[in-house]
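# Report on the structure
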Amino acid sequence: MAARLVHAEYVDNFVMLGYDQAVLRESLRRVKEELERMGLPVHEVQEGTTAADVLGWSIDGVHHKVLAKPSRRWRLRLAIDHVLKVGACTGYELECLLGHYASLALLNRPALAVMGAAYTFAVRFFHTRQPLWESVAREHRWIRGLLPLLESSTRRGWSDRAYCFDTSWWGLGVAERE
């Protein structure tokens, strides 16, 4: 197997994953050196683990899974339960919930398909507290049910193609790059 590694960055933290320990150590050394050269502080360094919680994610190298930390999923579930119990919110508040869910749903992209009416509600009532539409409440019950299923396998194959897509009220677009 070629010495492949993947990485993710977020503001003041990063993670590298791979199978070749020597490649990982050398890459980590170079990144740390460059960050320090630029005057950026480097957090504690954790290397050589098969499981770690980093950047809000639990990465399990033994079972080849990536999922949101349980505390992160529970906070979102409790927030959804609260909004459903109260039965009303502003579009801004709903947009915050949708943003947290969308972040988690990227691990299992078909889970993004359950949000539709919620986006309409969020735009229409951004600054105004309104009773939830039944369709919005239903979508949030679906979201709550999907939370435990949002994980990704690190064994999935890689594609030579990258796709980017988005939709709006007046159309949709897809871009492809090899």
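As shown above, the structure is provided for reference.
Residue numbers restart at each chain and count upward from 1, following the sequence in its written direction. It should be noted that, the model being predicted, local features are given only for residues of pLDDT at least 70 and side-chain atom pairs only at 80 or more, the latter also being counted only at that level, while totals for whole chains, interfaces and linings use all residues. As a convention, hydrogens and water are excluded, and side-chain values are obtained from all of the structure's heavy atoms.

### Observations concerning a nonpolar patch on the surface
Candidate patch residues must exceed 30% relative accessible area and have no salt bridge, after which like charges are joined if within 9 Å and Val, Leu, Ile, Met, Phe, Trp or Tyr side chains if within 5 Å. Only the protein chains shown count as cover for residues, with accessible areas throughout obtained via the Shrake-Rupley method and a probe of 1.4 Å. A pair is scored as a salt bridge if a Lys or Arg side-chain nitrogen falls within 4 Å of a carboxyl oxygen belonging to Asp or Glu. Residues Y163, F165, L172 and V174 make up a contiguous nonpolar surface patch of roughly 490 Å² in combined accessible area. Helix and strand assignments follow DSSP, with helices taken as H or I runs no shorter than four residues and strands as E runs no shorter than two, numbered in order from the N terminus. Among the structural elements, V174 can be located in strand β10 (residues 171-177).

### Section: helix α5 (residues 134-146)
In this model, α5 (13 residues) spans 18 Å end to end at C-alpha, consistent with the 18 Å of a helix rising 1.5 Å per residue. We call a residue buried when its accessible area falls under 20% of the maximum for its residue type, exposed when it is over 50%, and partly exposed in between, using a 1.4 Å probe and counting protein chains only. For α5, the set of buried residues is V136, A137, E139, H140 and I143. Buried residues along α5 cover an arc of 160° about the axis, so they all sit on one side. Throughout, a residue-residue contact means that at least one pair of heavy atoms, one from each residue, lies within 4.5 Å. Contacts made by the buried residues of α5 are with α2 (70-86), α3 (91-105) and α4 (117-124). Here the expected span of a helix is defined as 1.5 Å times the quantity of residues minus one. Taking the helix axis as origin, the arc is that swept by the directions to the C-beta atoms.

### With respect to the sheet that holds strand β8 (residues 151-153)
Any two strands between which DSSP finds at least two bridges are classified as paired. The strand order across the open sheet built from 4 strands is β3-β4-β5-β8, with neighbouring strands paired in antiparallel fashion. Two strands in the sheet have a free side with no partner beyond their single neighbour: β3 (51-54) and β8. The average undirected angle you get between the axes of adjacent strands in this sheet is 15°. With 3 bridges joining them, strand β5 (residues 65-68) and β8 adopt antiparallel strand pairing. In the sheet register, V66 faces β8, and the bridge partner there is S152. Axis lines are fitted through C-alpha atoms, for helices just across the contact stretch, and the angle between N-to-C directions can take any value from 0 to 180 degrees. Packed onto the sheet, α2 meets β4 (57-60) and β5 and runs at close to 40° relative to β5.

### Focus on the nonpolar core
Ranked by size, the top nonpolar core spans 30 residues in total, and within it L94 and Y101 carry the most contacts. Of the residues forming this core, the biggest block, 7 residues, is contributed by α3. Joining through side-chain atoms within 4.5 Å is the link that ties buried Ala, Val, Leu, Ile, Met, Phe, Trp, Tyr and Cys residues into a set, and such a set is a nonpolar core.

### Quick word on the pairing of β5
Across 4 bridges, the pairing between β4 and β5 is antiparallel. Residue pairing for β5: S58 is matched across the bridge by L67. The turn linking β4 back onto β5 is made up of 4 residues, and H64 within it adopts a positive phi angle of 60°.

### As for the packing of α2 against α5
Between two packed helices, what matters for the description is the angle formed by their axes and the separation of those axes. Across the interface, α2 lies against α5 with an axial gap of 10 Å and an inter-helix angle of 155°. With respect to each other, α2 and α5 are oriented roughly antiparallel. In the crossing of α2 with α5, the sense of the turn from one axis to the other is left-handed. Counting all contacts with α2, which are made through R77, I80, D81 and L84, the residues of α5 involved are A137, H140, R141, I143 and R144. In what follows, roughly perpendicular refers to angles from 65 to 115 degrees, roughly parallel to angles under 35, roughly antiparallel to angles over 145, and oblique to any angle outside these ranges. Take the far helix as the reference: if the near one is turned anticlockwise from it by less than a right angle, the crossing is left-handed, and if turned clockwise, right-handed.

### Some points on the pattern of salt bridges
Per the counting criterion, the structure on display carries 10 salt bridges. The salt bridge partner of R29 is E33, with a shortest N-O separation of 2.9 Å. Of this pair, R29 and E33 both sit in helix α1 (residues 21-37), separated by 4 residues, roughly a single helical turn. Note that E134 and R141 form a salt bridge whose closest N and O atoms lie 2.7 Å from each other. A relative accessible area of 48% places E134 in the partly exposed class. R141 sits in the partly exposed class, given a relative accessible area of 35%. One network of salt bridges, in which partners are shared, links E26, R29 and E33.

### Some words on unusual backbone geometry
One non-glycine residue with positive phi stands out, namely H64, at about 60°. Looking at the element boundaries, H64 is found in the loop between β4 and β5.

In short, the description is geometric, and any link to function would need to be established separately.
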